[in-house]
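Structural features, examined
The chain contents come next:
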Amino acid sequence: MEDRYNVECCDFMHAHGDLVEKVRQQLPGEDTLYDLTELFRIFGDSTRVRILYVLFEAEMCVCDIAALLGLTQSAVSHQLRALKNVRLVKSRREGKTVFYSLADNHVKTIIDQGLEHVRE
């Protein structure tokens, strides 16, 4: 049965070689796909998504985010570091305090589209 499937698959690929090649040329490179996978992995944690929702509303420091979400400052710092590593949030220093905000409008768009999909 497995050999039959492979033969059919090969026959199919030969029959539509132009289509296969066209699609192959459109596929992003492995490095890009890896970065995209890492981006979506970041959204796989509800704490990080909650932090992003907070930052939709206002630029905030770690201690305020922690108080708002009922988390430790250490936990929030850890999650912010992960969000910053994939360029979803940015930071600025004001004296001893570091304030965090969304890196750009794409972040809100990604979350909004995901939420729209979940609610359908």
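Calculation notes
- Residues numbered from 1 in each chain as written.
- Predicted model: local features only at pLDDT ≥ 70, side-chain atom pairs only at ≥ 80, totals over all residues.
- Heavy atoms only, no water.
- Axes fitted to C-alpha atoms, helices over the stretch in contact; angles between N-to-C directions.
- Helix = DSSP H or I, 4+ residues; strand = E, 2+ residues; numbered from the N terminus.
- Parallel < 35°, antiparallel > 145°, perpendicular 65-115°, else oblique.
- Left-handed = near helix turned anticlockwise from the far one by under 90°.
- Contact = heavy atoms within 4.5 Å.
- Nonpolar A, V, L, I, M, F, W, Y, C, P; charged D, E, K, R; others polar.
- 1 Å grid on protein atoms, 1.4 Å probe; cavity = no way out; pocket = protein on both sides within 12 Å on 5 of 7 lines; lining within 4 Å.
- Points joined across faces, edges and corners; volume = space filled by probe spheres on them.

Here's the deal with the packing of helix H4 (residues 46–57) against helix H5 (residues 62–69)
- Viewed as axis vectors pointing N to C, H4 and H5 meet at an angle of 115 degrees, and their least axial separation amounts to 11 Å. In terms of axis orientation, H4 runs roughly perpendicular to H5. Where H4 crosses over H5, the two elements pack in a sense that is right-handed. Across the interface between the two elements, Arg 50, Ile 51, Val 54 and Leu 55 of H4 pack against Ile 65, Leu 68 and Leu 69 of H5.
- For the contact of H4 with H5, the class distribution of residues is six nonpolar, no polar and one charged.

Focus on the layout of surface pockets
- Taken as a whole, the largest pocket encloses approximately 220 Å³ of empty space.
- Taken together, Asp 35, Glu 38, Leu 39, Asn 85, Val 86, Arg 87, Leu 88, Asp 104, His 106, Val 107 and Ile 110 make up the lining of the largest pocket.
- Looking at the lining of the largest pocket, the elements with two or more residues in it are helix H3 (30–42) and helix H7 (105–119).
- Of the residues contributing to the lining of the largest pocket, the split by class is five nonpolar, two polar and four charged.
- Computed from the structure, the second largest pocket encloses a volume of approximately 150 Å³.
- Looking at the second largest pocket, the residues that line it are Phe 43, Val 49, Tyr 53, Ile 110, Ile 111, Gly 114, Leu 115 and Val 118.
- Looking at the lining of the second largest pocket, the elements with two or more residues in it are H4 and H7.
- In terms of residue count, H7 provides more of the lining of the second largest pocket than any other element does, five residues in total.

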